[in-house]
Each structure stands twice: as structure tokens, then as C-alpha cells.
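# Analysis of the macromolecular model
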Amino acid sequence: MPIQINTSIKGKEYTPYVVRVERAKIKDFARAVGDLNPFYLDDEVGRASPWGDIIAPPTFAITFRDERNDTASFLKELGTDISRILHGEQEFEHWKPIRPGDTLLCRGKVTDIYEKSGRSGPMAFVVRETTITDADNDVVAKVRGITVIRL
Amino acid sequence: MKYAKVYFEDVEVGGEMPTLVKGPIEQIQLTRYAGASGDFNPIHQDAAFAKAAGMGDVFGHGMLSMGFVAQSLTDWLGAGTVAKVGVRFAGLVRLGDVITCRGKIVAKRPAKEPGRGAGQVDLELWAENQKGEKVVTGRATASLLSRGDD
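Quick summary incoming for the structure in this document. (Residues numbered from 1 in each chain as written. Chains lettered and ligands numbered in written order. Predicted model: local features only at pLDDT ≥ 70, side-chain atom pairs only at ≥ 80, totals over all residues.)

## Considerations on the overall build of chain A
Stated formally: Helix numbering and strand numbering both begin at the N terminus, where a helix is a DSSP run of H or I of at least 4 residues and a strand a DSSP run of E of at least 2. In this scheme the burial state of a residue depends on its C-beta neighbours within 10 Å: 20 or more other such atoms mean buried, 12 or fewer mean exposed, and anything in between means partly exposed; the C-beta positions come from the backbone.
Of regular secondary structure, chain A possesses four helices and five strands. Along chain A, from the amino end to the carboxyl end, the secondary structure elements read β-α-α-α-α-β-β-β-β. Considering only C-alpha atoms, chain A reaches an extent of 60 × 30 × 25 Å along its principal axes. Expressed as a percentage of its 151 residues, the buried residues of chain A come to 30%.

## Details of the overall build of chain B
Along its length, chain B carries three helices and five strands. Traced from its N-terminal end to its C-terminal end, chain B shows the element sequence β-α-α-α-β-β-β-β. Viewed in the frame of its principal axes, chain B has a C-alpha envelope of about 55 × 30 × 25 Å. Residue burial in chain B is summarised as follows: out of 150 residues, 43% are buried.

## With respect to the interface of chain A and chain B
How we decide: What counts as a contact is two residues whose backbone-derived C-beta atoms lie within 7 Å of each other. Any two strands with at least two DSSP-identified bridges between them are counted as paired.
Of the residues lining the interface, 32 residues belong to chain A; the matching set on chain B comes to 30 residues. Of all the secondary structure elements, the ones that give two or more residues to the side of chain A that touches chain B are helix H1 (23–33), helix H2 (38–41) and strand E2 (85–94) of chain A. Pairing of E2 of chain A with strand E2 (residues 82–89) of chain B involves five bridges; the strand directions are antiparallel. Bridged to Glu-93 of chain A within E2 of chain B is Lys-84 of chain B.

## Let's talk about the nonpolar core
For clarity, the threshold we go by: Only buried residues count toward a nonpolar core: Ala, Val, Leu, Ile, Met, Phe, Trp, Tyr and Cys, linked into one set through C-beta atoms within 7 Å.
By size, the foremost hydrophobic cluster in this structure holds 61 residues, and its most contacted members are Val-69, Leu-73 and Ala-142 of chain B. Tallying contributions element by element places helix H3 (residues 62–77) of chain B first for this core, with nine residues. Those residues in contact with Val-69 of chain B, other than ones at most four positions away along the chain, are Val-87, Cys-101, Leu-125, Ala-127, Val-136 and Gly-138 of chain B. The next biggest cluster of nonpolar side chains, apart from the first, holds nine residues, and it includes Val-110, Ile-113, Val-126 and Ile-149 of chain A.

## Brief notes about the packing of H1 of chain A against helix H1 (residues 27–37) of chain B
Stated formally: Axis geometry follows a simple rule: fit a line to the C-alpha atoms, using only the stretch in contact for helices, then measure angles between N-to-C directions, giving values from 0 to 180 degrees. In this scheme, roughly parallel covers angles under 35 degrees and roughly antiparallel covers those over 145, while 65 to 115 is roughly perpendicular and the rest are oblique. Crossings are assigned a handedness: left-handed for a near helix turned anticlockwise from the far helix by less than a right angle, right-handed for a clockwise turn.
H1 of chain B packs onto H1 of chain A with a crossing angle of 155 degrees between their chain directions and a minimal axis gap of 9 Å. As far as their axial angle goes, H1 of chain B and H1 of chain A are roughly antiparallel. Pair H1 of chain A / H1 of chain B crosses with left-handed handedness. Contacts between H1 of chain A and H1 of chain B involve Asp-28, Phe-29 and Ala-32 of chain A from the first element and Arg-32, Tyr-33, Ala-36 and Ser-37 of chain B from the second.

## As for the environment of Leu-104 of chain A
Secondary-structure assignment places Leu-104 of chain A in strand E3 (residues 103–118). Sequence separation of Leu-104 of chain A and Val-18 of chain A is 86 residues, and the distance between their C-alpha atoms is 5.6 Å.

## Overview of unusual backbone geometry
Following Gly-23 of chain B, the chain continues to Pro-24 of chain B via a peptide bond in cis, the omega torsion being 0 degrees. Within the secondary structure, Pro-24 of chain B sits in the loop between strand E1 (20–22) and H1. A positive phi is found at Asn-137 of chain A, a non-glycine position, where the angle reads about 65 degrees. Within the secondary structure, Asn-137 of chain A sits in the loop between strand E4 (121–133) and strand E5 (139–150). Asn-137 of chain A gets classed as exposed once you count the C-beta atoms within 10 Å, which come to 7.

## Description of the sheet that holds strand E3 (residues 99–110) of chain B
An order of E1(A)-E3(A)-E4(A)-E5(A)-E2(A)-E2(B)-E5(B)-E4(B)-E3(B)-E1(B) is seen for the 10 strands of this open sheet, with the pairing classed as antiparallel. Each edge of the open sheet is held by one strand with a lone partner, namely strand E1 (17–20) of chain A together with E1 of chain B. Between one strand axis and the next, the sheet turns through 20 degrees on average, direction left out of account. Pairing analysis gives 13 bridges linking E3 of chain A to E4 of chain A, with the strands arranged antiparallel. Following the sheet pairing, Lys-109 of chain A is matched in E4 of chain A by Glu-129 of chain A.

## Re the pairing of strand E5 (residues 134–144) of chain B
Residue and element names in this part refer to chain B. Here E2 runs beside E5; their pairing, made up of seven bridges, is antiparallel. In the sheet register, Gly-86 faces E5, and the bridge partner there is Arg-139. Bridging between strand E4 (residues 119–128) and E5 involves 10 bridges; their strand directions are antiparallel. Pairing of Trp-126 across the sheet is with Thr-137, part of E5. Taking the residues that link successive antiparallel strands as the turn, the E4-E5 hairpin has five residues, and the phi of Gly-132 there is positive, at about 85 degrees.

## Looking at the environment of Thr-147 of chain A
All names here are of chain A. Topologically, Thr-147 is positioned in strand E5. C-alpha of Thr-147 to C-alpha of Leu-86: the two residues are 61 residues apart in sequence and 6.0 Å apart in space. Beyond its immediate chain neighbours, meaning those up to four positions away, Thr-147 contacts Ile-85, His-87, Gly-88 and Val-126.

This is the structure:
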């Protein structure tokens with residue numbers, strides 16, 4: 001029997017959370033990808049750059065999480081668990097660079113939930129969007145992701 | 001220090017991105033990516049868990065593959081040039097896989113808003129494994145400076 005997904009959270013907006021960007025996290029992330037770009041890793045190159053410091057790679061915002069509302073609790077709220085999920089799609093849109101010391105506000109929302117049948121049977125698609133703003137209330141980035149649940 | 005590696009006037013629609021080859025994927029890289037990203041889903045670490053979940057064996061984080069695709073872009077155009085990058089995860093990346101990132105320019109236009117360089121290019125991107133199977137497909141928009149603007 002396929003599991004039932006709690007579609008009532010479609011449209012739900014989550015309590016905004018604050019992330020403080022740490023220098024070492026940017027570097028660890030770049031090294032884990034194997035991307036040794038000096039603009040991510042070398043403080044001196046960063047200082048001499050137009051941004052005045054190292055910047056984060058384009059996908060770094062995936063590390064931003066609300067500790068009070070982690071993946072496990074989100075999946076439980078949806079009515080599933082981690083063994084059933086796959087990453088369907090992901091998108092990052094950037095307006096300003098992300099730098100060490102930035103204090104950013106992240107506002108997450110479930111923008112859509114729909115079901116369809118794929119090669120491996122029925123699946124649910126959960127679309128989430130997070131808008132990231134800085135201390136000047138400028139939008140730094142928007143992050144959109146689709147989580148696929150094997151029903 | 002100049003970050004631009006390619007300038008707006010240097011690129012044309014149809015221009016191909018230099019390929020970036022990553023891997024072979026090893027378990028240690030998936031473990032390291034878990035630590036750096038905070039994604040500790042055991043499906044990427046624990047073969048028994050992955051098998052019980054019906055996935056056969058561990059596979060790479062989609063976000064690691066997307067990181068490769070993002071690197072292929074910035075290796076070519078420069079860090080800080082990516083205005084937008086979006087992908088679909090089309091296939092699983094397994095241990096031992098060698099991933100080749102490819103792309104080409106599909107559109108080019110002068111910048112319409114400040115802070116977007118002299119102009120922007122849209123790219124079609126994809127990554128394939130050693131069998132030629134696409135594991136990631138996507139699109140990106142990059143903001144490029146004009147030669148002499150930096």
C-alpha cells in the first residue's frame with residue numbers, strides 16, 4: 001500500500017531563522033566538492049577581490065538549516081521518512097555574494113505538493129522555496145528545491 | 001584581483017563550456033560532503049541502509065553533483081558570475097563513477113539591471129557518467145563583465 005502524504009502543509013510558511021555565515025564552513029564546503037577556487041579558499045585573494053573577502057560557492061546556501069526544524073521533523077510532518085526521499089530538482093538564484101560574517105534571514109515556504117507516477121511507481125513532489133535576505137533587507141538569494149517521495 | 005575569466009564580448013551563442021571531469025567518486029568524498037553540507041542521510045553512507053531502502057547501494061548526494069556542475073561554470077567564467085543555476089537530478093551517481101560536466105551558451109543579452117555586469121548569458125548544462133548517461137541536466141544564467149571593466 002502506498003503511503004499517504006500530508007498535503008495540508010502546501011502553502012505553509014515556516015518561522016524565519018537566522019544563519020551566521022562562518023568562514024571555515026565556506027572553505028570546508030568548497031573542499032568537500034573538490035572546488036579549490038581561490039576566491040572561496042584564499043583569504044588574501046578574497047581581500048583583494050571586488051567583494052573584500054572570500055565568497056561562498058553557488059550552492060553553499062544548501063547548508064542553511066533551521067536547527068529547531070530539521071529534515072527529520074519536516075519529513076515526519078509530511079508523513080514520510082528519510083529512506084523514501086530523493087532529490088528531484090534544485091535551483092539557486094543569486095543577487096548578492098555570501099561572505100563570512102554575513103547574518104542572513106531565511107524564510108522557507110512549501111510552495112506546492114503534487115503526485116504523479118514515475119518509472120518506479122507513484123511519487124509525491126514537494127516544492128520548497130527559501131528567500132534569504134541580509135541586514136539591509138536586500139534579497140541575497142532564493143533557493144528552490146523539489147523533494148521526491150517514493151510512495 | 002580580477003575574478004572574471006571570460007568577458008561578455010568573448011562568448012557567443014553556441015559556444016561550448018570546457019568540460020570538467022570529477023571523480024571517480026569515493027565513499028570518503030560522500031562522507032566529507034555530508035559533513036560539509038549537513039546532509040547526513042545514511043542512504044549516502046551505509047550500504048545496508050541503502051539496500052533496505054530499495055536503492056541497491058549507496059549513491060552520491062545530488063547536491064554534490066550540482067556542486068560539480070557549479071564548479072564547471074565558475075572554472076570557466078569566474079567565481080561570483082553565477083546569477084542563477086538550476087538542475088534536475090536525472091540519474092544516480094554510484095561509487096566509482098566518473099562525472100563529466102558539459103555545457104553550452106544558448107542565449108546572450110546586455111544586462112537589464114545594475115550589478116549584473118555588462119551582460120548575461122544563459123547556458124544549458126549537463127553532467128554524464130562514464131557510460132554517457134546523463135545524471136544531471138540544467139540551466140544557468142551568468143553575469144559577465146566587459147573587458148576593461150575590472
